[in-house]
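Survey of secondary and tertiary structure
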Amino acid sequence: MLSQTSRLISRYGRHSEWMNRFVHRSFINNRNIRQLHYTSNTRTTHRLLFNDKKKLKKDLGWVLLGGSGLLFLSCSWLYKSSPISLDSIDGIKHYSTNVNNKSDSITLLTNEEINKKLRGLEQSYIVNRNKGIQRYDISQLPSNNPIEDNHVEQVITVPTSNNEEDDLYFFGIFDGHSGPFTSAKLSKDMVRYVAKQLSPFYTTDKKTNGISTEVDNAISTAFVQLDQDIVQQSFKQLFKEPTQENMVNVLPAISGSCALLSLYSSKDNTLKVAVTGDSRALIGGIDENNEWFVQALSIDQTGDNMDEVTRIQKEHPGEPNAVRRGRVLGCLQPSRAFGDYRYKLKDVDGQKLTDLPDYVKVYFRSEPRDLLTPPYVTAKPEITTTEIKSNIKFMVMGSDGLFELLTNEEIVGLVAKWQEQYMSQTTNKKLTATLPQVKDITEDKSAQRPAFRYKKNENSNTTNYILEDSNVATHLIRNALSAGGQKQYVSTLASIPSPMSRKYRDDLTVTVAFFGESDKKDGSLEINNEATTPPKAKL
């Protein structure tokens, strides 16, 4: 049906009589299925100190400060005769220099190059199934090379007793660290594991409440089982046969990843959000006063969350360094994650990891200090359930890099403005220059890390914005780099190459799903070409 989409239809005959009737239709863009080959604050004010732009030359270079050995990023507007300093980005110091050696300089990207970079991994789909989701957009902006984030979007159809179908929509974001291997594994296997555990609850002769604790337990079981297979089972196989092939298979255990999985059921209009780590999901809606609100459906699980700190300390009594400096064992910021074997294992079935042959330990990482009674990190998720009523308009999911740059209120305000421009039935409507007022009704705001990068003030509701992307996820990423609608910020931050860019921003992965029905109701899932960049041809 879709030229750039794989439609996988499989029957799970081994898992109960109902599974013989369970048809799994997965719409997965080929570009997102990463095959596992395993090769591996200074707060300043923006000032442009120049009068005649025509005499200026824009240059971005590296500056080595004599004697100190420190390498700084240099961004300068240069006169032909003398340099003029530019002090532009909060948290990034700029030093003016006349760079004569072009091989040592990096030129700021042009607008065309910036658009190409920001839109290079964007995708958009129109859902014509009349099942509660009408559109979803995805976009990514790498900072690591290769990007360590992955994502997945799948639709599973469930037969009903009246010969119709209900839909289960899965949206996943997997924020990897220490390599892309764990997140790639999750994007490939997560939905399959969850679907297997959920199958008993969607038989045609059994009525199950979508908010039941049994369903939550099934999702949690799937998460834990997948992590056990990634970590314990792969190491067991490596001990059994210490081959290079099994060494490659253990890479998802060596790197790590957070996981954020949302499951929308058209059967009862419920949205379940399961989170392991510090990615975040939000919903945006309009209240009875016709004003926008935002609600977070997940809690950041980090060493800064006191509930997480208390949990870990109870599990490891007498170990004051179990959480140190806001990190597990002083190293890992998310307190829950997949992979990350070195926080979970010292041995496997009594065999020490150090006893493995040296040639299969090439990719192993050093043991954290104070590793006494592992595991310190779990993949068990926290799960919330929300009824999606008509006043709830969309869901936004993002890796933590997005929330370092934008507040919850800013994100909903930006999507609201985009929706007003690109999805509103009213034409020629004049948009205001600032974002709408948005109220955060999240119950526990204290457990969420605030946006902190390049923020000039705490009043997000007067923020300016940029509106020039047909893909709403790309729209959020562009504005996340803009520090309140300033294109100079986008230019500078998008131009910093990897790996230096990692000091100033993380990988960014964003998914936005709009609730409602599309005008066309033929049961199809269509690529929205206006907001999708075709994948590059492989030579």
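Starting from 1, residues in each chain are numbered consecutively following that chain's sequence as written. Residues qualify for local features only when their pLDDT is at least 70, as the model is predicted, and side-chain atom pairs are given and counted only at 80 or more; totals for whole chains, interfaces and linings, by contrast, use all residues. Remark: hydrogens and water are excluded; side-chain values derive from all non-hydrogen atoms of the structure.

Here we look at the overall build of the chain
Secondary structure elements follow DSSP: runs of H or I of four or more residues count as helices, runs of E of two or more count as strands, with numbering from the N terminus. When its secondary structure is counted, the chain shows eleven helices and 27 strands. Looking at the 539 residues of the chain, the share that counts as buried comes to 54%. Residue exposure ignores everything except the shown protein chains as possible cover, and the areas themselves are Shrake-Rupley values with a 1.4 Å probe. Split by element, the accessible area of the chain, about 25,000 Å² in all, is 47% carbon and sulfur. When a residue's accessible area, from a 1.4 Å probe over protein chains only, is under 20% of the maximum for its type it is buried; when over 50% it is exposed; and in between it is partly exposed.

Side note on the pairing of strand 11 (residues 149-159)
The element strand 11 is extensively covered by neighbouring structure, given that ten of its eleven residues are classed as buried. In this structure, strand 11 lies alongside strand 12 (residues 165-177), joined through eleven bridges in antiparallel fashion. Bridging across to strand 12, Glu153 finds its partner in Phe171. Linkage of strand 11 to strand 12, two consecutive antiparallel strands, is achieved through a turn of five residues, within which Asn163 is found at a positive phi near 65°. For two strands to pair, DSSP has to find at least two bridges joining them.

Comments concerning the pattern of salt bridges
Within this document, salt bridges are pairs made up of a side-chain nitrogen of Lys or Arg and a carboxyl oxygen of Asp or Glu, the two lying within 4 Å of each other. Per the counting criterion, the structure on display carries 25 salt bridges. Within this structure, Arg119, Glu468, Asp469, Arg478 and Lys487 form a network of salt bridges that share partners.

Things to note about the pairing of strand 17 (residues 292-296)
Counting buried positions along strand 17 gives four out of five residues, so the element sits mostly inside the fold. In this sheet, strand 17 lies alongside strand 16 (residues 280-286) in antiparallel orientation, the contact comprising five bridges. Residue pairing across strands places Ile286 opposite Trp292, the latter belonging to strand 17. From the end of strand 16 to the start of strand 17, which pair antiparallel, there are five residues, and Asn290 there has a positive phi angle of about 65°.

Some words on the side chain of Glu148
You can see Glu148 is positioned in the loop between strand 10 (133-141) and strand 11. Other than its neighbours up to four places away in sequence, Glu148 contacts Phe174, Asp175, Gly176, His177, Ser178, Gly179, Pro180, Ser183 and Asp507. Throughout, a residue-residue contact means that at least one pair of heavy atoms, one from each residue, lies within 4.5 Å.

Regarding helix 9 (residues 408-422)
Any helix carries an expected span of 1.5 Å times its number of residues minus one. Along its 15 residues, helix 9 runs 21 Å from first to last C-alpha, staying within 8% of the 21 Å computed at 1.5 Å per residue. Those residues of helix 9 not exposed but buried are Asn408, Glu410, Ile411, Val412, Gly413, Leu414, Val415, Ala416, Lys417, Trp418 and Gln419.

Observations regarding the packing of aromatic side chains
One pair of aromatic rings is described through two measures. These are the centre distance and the angle between the planes. When two rings of Phe, Tyr or Trp (its six-membered ring) have centres within 6.5 Å they constitute a pair, described as stacked for plane angles under 30 degrees, edge-to-face for angles over 60, and tilted for the intermediate range. One pass over the full model with this rule turns up twelve aromatic pairs. On the numbers, 5.0 Å between centres and 25° between planes, the contact of Trp418 with Tyr422 is stacked. A residue pair is termed a helical-turn pair when its members lie 3 or 4 positions apart in one helix, as Trp418 and Tyr422 do in helix 9 at four residues. Assessed through its relative accessible area of 0%, Trp418 is described here as buried.

Things to note about the sheet that holds strand 26 (residues 508-515)
With mixed pairing, eight strands are arranged side by side in an open sheet as 25-17-16-24-26-10-9-27. Looking along the sheet, the strands with just one partner apiece sit at the ends: strand 25 (438-440) and strand 27 (524-527). Here the strands of the sheet are splayed against their neighbours by 20° on average, with no regard to which way each runs. Axis angles are defined between N-to-C directions and span 0 to 180 degrees, where every axis is a line fitted to C-alpha atoms and, for a helix, only to the segment in contact. Across the sheet, helix 9 touches strand 10, strand 16, strand 17, strand 24 (392-398), strand 25 and strand 26, and the angle it forms with strand 17 is around 130°.

Quick look at the nonpolar core
Inside soluble globular proteins, nonpolar side chains tend to come together where they are buried. Counting residues in each nonpolar core, the largest one holds 45 residues, and the members touching the most others are Phe170, Met190, Val194, Leu198, Phe223, Phe235 and Phe338. Mapped onto this core, the elements with two or more residues apiece are strand 11, strand 12, helix 3 (181-198), helix 4 (213-240), helix 6 (251-254) and strand 14 (259-265). In terms of residue count, the dominant contributor to this core is helix 4 (eleven residues). Excluding its chain neighbours within four sequence positions, the residues that come into contact with Met190 are Phe174, Lys185, Phe223, Leu226, Ala259, Leu261 and Phe338. Each nonpolar core is a collection of buried residues, namely Ala, Val, Leu, Ile, Met, Phe, Trp, Tyr and Cys, held together in the definition by side-chain atoms within 4.5 Å.

Comments concerning the confidence of the model for the chain
Along the chain, pLDDT gives the predictor's confidence residue by residue, from 0 to 100. Across the chain, the average pLDDT comes to 81, with 76% of residues at or above 70. Under a pLDDT of 50 for its full length, residues 1-104 has, in the predicted model, 236 contacts with residues more than four places off or in other chains.

Here we look at helix 7 (residues 306-315)
For helix 7, the complete set of buried residues consists of Glu308, Val309, Arg311 and Ile312. Seen along its axis, helix 7 keeps its buried residues to an arc of 160°; they face one direction. Opposite its buried face, helix 7 presents the exposed residues Met306, Asp307 and Lys314, each directed more than 90 degrees away. Packing partners of the buried residues in helix 7 comprise strand 18 (323-324) and strand 19 (327-328). N or O atoms closer than or at 3.5 Å make up a polar contact, with two conditions inside protein: a donor-capable atom paired with an acceptor-capable one, and, for residues adjacent in sequence, both atoms drawn from side chains. Capping of helix 7 at its N-terminal end is provided by Asn305; its side-chain oxygen lies 2.9 Å from the backbone amide nitrogen of Asp307. Each direction from the helix axis to a C-beta atom contributes to the arc, which is the arc of those directions.

Points about the environment of Val127
With respect to the helices and strands, Val127 occurs in strand 9 (residues 123-128). According to the relative accessible area criterion, Val127 is buried, its value standing at 1%. Distance from Val127 to Asp522, taken between C-alpha atoms, is 9.3 Å for residues 395 residues apart in sequence.

Focus on the packing of helix 2 (residues 111-118) against helix 11 (residues 487-495)
Packing of helix 2 against helix 11 brings their axes to within 10 Å, and their N-to-C directions diverge by 65°. The pairing of helix 2 with helix 11 is recorded here as roughly perpendicular in orientation. As for how helix 2 packs across helix 11, the hand of that crossing is left-handed. In contact with Ile114, Lys117 and Leu118 of helix 2, helix 11 contributes Val490, Ser491 and Ala494. Each residue is assigned to one class: nonpolar for Ala, Val, Leu, Ile, Met, Phe, Trp, Tyr, Cys and Pro, charged for Asp, Glu, Lys and Arg, and polar for all the others, Gly among them. Across the contact of helix 2 with helix 11, the residue classes break down as four nonpolar, one polar and one charged. In these notes the angle categories are as follows: under 35 degrees is roughly parallel, over 145 is roughly antiparallel, 65 to 115 is roughly perpendicular, and the rest is oblique. Should the near helix be turned anticlockwise from the far one by less than a right angle, the crossing is termed left-handed; should it be turned clockwise, right-handed.

So, unusual backbone geometry
Geometrically, the link from Asn145 to Pro146 is a cis peptide bond, its omega value of 5° lying close to zero. Inspection of the secondary structure puts Pro146 in the loop between strand 10 and strand 11. Of the consecutive residues Ser498 and Pro499, the connecting peptide bond is found in the cis state with omega at 5°. Structurally, Pro499 can be placed in the loop between helix 11 and strand 26. One non-glycine residue, Asn130, lies in positive phi territory at about 55°. Mapped onto the elements of the fold, Asn130 is located in the loop between strand 9 and strand 10. Judged by its relative accessible area of 41%, Asn130 is partly exposed.

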